[in-house]
Amino acid sequence: MHILVTGGAGFIGSHTVVALVEAGFKPVIIDNFSNSEPRALEGIEKILGHSVPFYQANCDDADLLREIFEKEQIGGVIHFAAYKAVGESMAEPLKYYRNNLGSLITLLEVMVEKGVPNLIFSSSCTVYGQPDQLPVTEDTPVKPAESVYGNTKQVGEEILRDTIGSGNPLKIIGLRYFNPIGAHPSAHIGELPLGVPNNLVPFVTQTAAGMRKSLTVFGGDYPTPDGTCIRDYIHVMDLAEAHVAALQKLIDTPQSNYYDVFNVGTGQGNSVLEVIQTFDKISGQEGLPYVIGARRAGDVVAVYADATKVNAGLGWTAKRNLEDALRDAWKWQKTLG
Ligand code: UD1
């Protein structure tokens, strides 16, 4: 089956393209390189030994989507394409609402029009905010969003629920990602942050590579065992494989109108200091330079997944641990020079 992957040159998208091919699917990528680079496509080609059909375009272009759906005989869509910088989303909310929700609406309209039944949507554990109970299940209440970015994920989920609720012939899964890190073990693809990374692991590997002087740990006085925030870090290849499992679930679902959401995490929480210690262990370098700084606005103290539903419902479990993910992230960083 041919699968359209929007944002397929991005971090999670590029790894999912590889996992799709390994599972026998035929991905077709659409990406405008707004937060990705052609080298991701070159990396995919090196891993697979062949190229993947690619369209450099915006995925809110309805005419182009119609054309691709027909020409490539698309049977399903994985919709990664979205902006994801929390700080920027607060400064430029309309840009975020237009892009993240506009493209989703266009995609849904064209899928209904063209009879393409299967959709996987990239959601985020950010929908839970600071949960009252840990680990979070899919029934944990969604909290008012802390950021415009977070709100685009919440509203995105509502759009999907309403689209299915009104009886449209679509089957949709929303995957609530926890914190994806790592890279393909070949080191041909990985994360390519633009400028100074916002996220922890790219900052760690860039610091270890000498590109940054030292890591600032955002807050050392949180009510956690070592005072730093706790997250559920998931290897990007495990996350990629969760998309394949979700797609298979959609294909196997007999109803023509279906929507569900799944947490995609390991179920394990690790603090920022544990990430640093684990990185020191796998890199074999002297201790990574870091300082404890002020808390970052909008950070939640701790969030990690209850993965029971995804384990049972999609037959998927994370196979790689934090060490594997940090080892692959470090191997990738070293190829960037
Ligand atoms: C962030 C977003 C989240 C989004 C995800 C997408 C916020 C509040 N959350 O997740 O909504 O889905 O990115 O990529 O921005 N840290 C440091 N020093 C650093 C960088 C991070 O100590 O230089 C800490 C953070 O305080 C946090 C942990 O590392 O405790 C993980 O941070 P990060 O990688 O940015 O992910 P999230 O904030 O969990």
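Residues numbered from 1 in each chain as written. Predicted model: local features only at pLDDT ≥ 70, side-chain atom pairs only at ≥ 80, totals over all residues. Heavy atoms only, no water.

### Some words on the nonpolar core
Okay, step 1: Counting 42 residues, the largest nonpolar core has Leu-20, Ile-44, Ile-173, Leu-175, Leu-314 and Trp-316 as the members making the most contacts within it.
Okay, step 2: Here this core gets 10 residues from one element, more than from any other, and that element is helix 8 (residues 236-252). (Core = buried A, V, L, I, M, F, W, Y, C linked by side-chain atoms within 4.5 Å. Buried < 20%, exposed > 50% of the residue type's maximum accessible area, 1.4 Å probe, protein only. Helix = DSSP H or I, 4+ residues; strand = E, 2+ residues; numbered from the N terminus.)

### Points about the pattern of salt bridges
Okay, step 1: Using the criterion set out here, one finds 16 salt bridges in the structure.
Okay, step 2: Salt-bridge contacts for Glu-70 lead to Lys-114; the nearest nitrogen and oxygen are separated by 2.4 Å. Remark: Lys-114 occurs in helix 5 (residues 93-114) and Glu-70 occurs in helix 3 (residues 62-71); sequence separation between them is 44 residues.
Okay, step 3: Of the charged contacts, one joins Asp-299 and Arg-231 as a salt bridge, the two residues approaching to 3.9 Å between their closest N and O atoms. With Asp-299 in the loop between strand 13 (290-293) and helix 10 (308-314) and Arg-231 in strand 9 (residues 230-231), this residue pair connects regions lying 68 residues apart in the sequence.
Okay, step 4: Linked through salt bridges whose partners overlap, the residues forming this network are Asp-238, Glu-241, Lys-319 and Arg-320. (Salt bridge = Lys/Arg side-chain N within 4 Å of Asp/Glu carboxyl O.)

### Let's talk about the site of the ligand
Okay, step 1: The environment of the ligand is formed by 19 residues, the closest being Thr-216, Phe-218, Arg-231, Arg-296 and Asp-299.
Okay, step 2: With respect to the ligand, the backbone of Asn-198 contributes an N or O atom lying 3.4 Å from an oxygen atom.
Okay, step 3: Between an oxygen atom of the ligand and a side-chain N or O atom of Asp-299, the distance comes to 2.6 Å.
Okay, step 4: For the ligand, whose free accessible area comes to 750 Å², the fraction covered by protein is 87%.
Okay, step 5: In terms of residue count, the dominant contributor to the shell around the ligand is strand 8 (residues 215-218) (4 residues).
Okay, step 6: Partitioning the shell around the ligand into residue classes produces 9 nonpolar, 7 polar and 3 charged. (Near = heavy atom within 4 Å. Polar contact = N/O pair within 3.5 Å; in protein donor to acceptor, adjacent residues only side chain to side chain. Areas by Shrake-Rupley, 256 points an atom, 1.4 Å probe, with all protein chains shown as cover. Nonpolar A, V, L, I, M, F, W, Y, C, P; charged D, E, K, R; others polar.)

### Regarding the packing of aromatic side chains
Okay, step 1: Going through the model one piece at a time under the given rule, you end up with 3 aromatic pairs.
Okay, step 2: On the basis of an interplanar angle of 55 degrees and a centroid distance of 5.3 Å, the ring pair of Tyr-83 and Tyr-96 is categorised as tilted. Of the two residues, Tyr-83 sits in the loop between strand 4 (74-79) and helix 4 (86-91) while Tyr-96 sits in helix 5, which places them 13 residues apart along the sequence.
Okay, step 3: Aromatic pair Phe-279 and Trp-330: ring centres 5.4 Å apart, planes at 75 degrees, arrangement edge-to-face. Of this pair, Phe-279 sits in helix 9 (residues 272-283) while Trp-330 sits in helix 11 (residues 322-336), placing them 51 residues apart in sequence.
Okay, step 4: By relative accessible area, which is 0% here, Phe-279 ends up buried.
Okay, step 5: Sitting above the plane of the Tyr-222 ring, Arg-295 keeps its charged end 4.0 Å from the centroid. (Phe/Tyr/Trp six-rings, centres within 6.5 Å; stacked < 30°, edge-to-face > 60°. Lys NZ or Arg CZ within 6 Å of the ring centre and 35° of its normal.)

### Some details on the layout of surface pockets
Okay, step 1: Taken as a whole, the second largest pocket holds about 160 Å³ of empty space.
Okay, step 2: Secondary structure elements with two or more residues in the lining of the second largest pocket: helix 6 (148-165) and strand 11 (258-264).
Okay, step 3: In terms of residue count, helix 6 provides more of the lining of the second largest pocket than any other element does, 4 residues in total.
Okay, step 4: Here the lining of the second largest pocket is composed, by residue class, of 4 nonpolar, 1 polar and 4 charged. (1 Å grid on protein atoms, 1.4 Å probe; cavity = no way out; pocket = protein on both sides within 12 Å on 5 of 7 lines; lining within 4 Å. Points joined across faces, edges and corners; volume = space filled by probe spheres on them.)

### Topic: the state of the cysteines
Okay, step 1: For the structure shown, the criterion picks out 0 disulfides.
Okay, step 2: The thiol of Cys-125 is not disulfide-bonded; the next cysteine sulfur, from Cys-229, is found 12 Å away.
Okay, step 3: Given a relative accessible area of 10%, Cys-125 falls into the buried group. (Disulfide = S-S within 2.5 Å.)

### Description of the sheet that holds strand 6 (residues 171-177)
Okay, step 1: Taking strand neighbours across the sheet as the criterion, the 7 strands line up as 3-2-1-4-5-6-11 in an open arrangement whose pairing is parallel. The open sheet has two edge strands with one neighbour each: strand 3 (54-56) and strand 11. Averaged over all neighbouring strand pairs, the angle between strand axes comes to 15 degrees, with direction disregarded.
Okay, step 2: Of the pairings in the sheet, the one linking strand 6 to strand 11 comprises 7 bridges and is parallel in character. For Ile-172, the partnering residue across the bridge sits in strand 11 and is Tyr-259. (Pairing = 2+ DSSP bridges. Axes fitted to C-alpha atoms, helices over the stretch in contact; angles between N-to-C directions.)

### Describing the side chain of Thr-207
Okay, step 1: Structurally, the position occupied by Thr-207 is in helix 7 (residues 200-208).
Okay, step 2: Looking at Thr-207, its side chain comes within polar contact range of the main-chain oxygen of Phe-203, at 2.6 Å.
Okay, step 3: Ignoring sequence-local partners within four residues, the contact set of Thr-207 consists of Arg-212, Lys-213, Ser-214, Leu-215, Leu-288 and Pro-289. (Contact = heavy atoms within 4.5 Å.)

### Considerations on helix 9
Okay, step 1: Helix length check: helix 9, at 12 residues, gives a terminal C-alpha distance of 16 Å against a target of 16 Å (1.5 Å per residue), a fit within 8%.
Okay, step 2: Taken residue by residue, helix 9 has Val-272, Leu-273, Val-275, Ile-276, Thr-278, Phe-279, Ile-282 and Ser-283 as its buried positions.
Okay, step 3: In this structure, the buried side of helix 9 is in contact with helix 7, strand 8, strand 10 (233-235), strand 12 (270-271), strand 13 and helix 11.
Okay, step 4: Phi turns positive one or two residues past the end of helix 9, at Gly-284, with a value near 70 degrees. (Expected span 1.5 Å × (residues − 1).)

### Observations concerning unusual backbone geometry
Apart from glycine, the bulk of residues carry a negative phi angle, and the bulk of peptide bonds sit in the trans form.
Okay, step 1: In this chain, Leu-134 is followed by Pro-135 through a cis amide linkage whose omega measures -5 degrees.
Okay, step 2: Phi is positive for Gln-73, close to 50 degrees, though the residue is something other than glycine.
Okay, step 3: As for its placement among the helices and strands, Gln-73 is situated in the loop between helix 3 and strand 4.
Okay, step 4: Of note, the phi angle at Ala-187 is positive, near 65 degrees, even though the residue is not glycine.
Okay, step 5: Along the chain, Ala-187 turns up in the loop between strand 7 (179-181) and helix 7.
Okay, step 6: For Ala-187, a relative accessible area of 7% puts it in the buried group.

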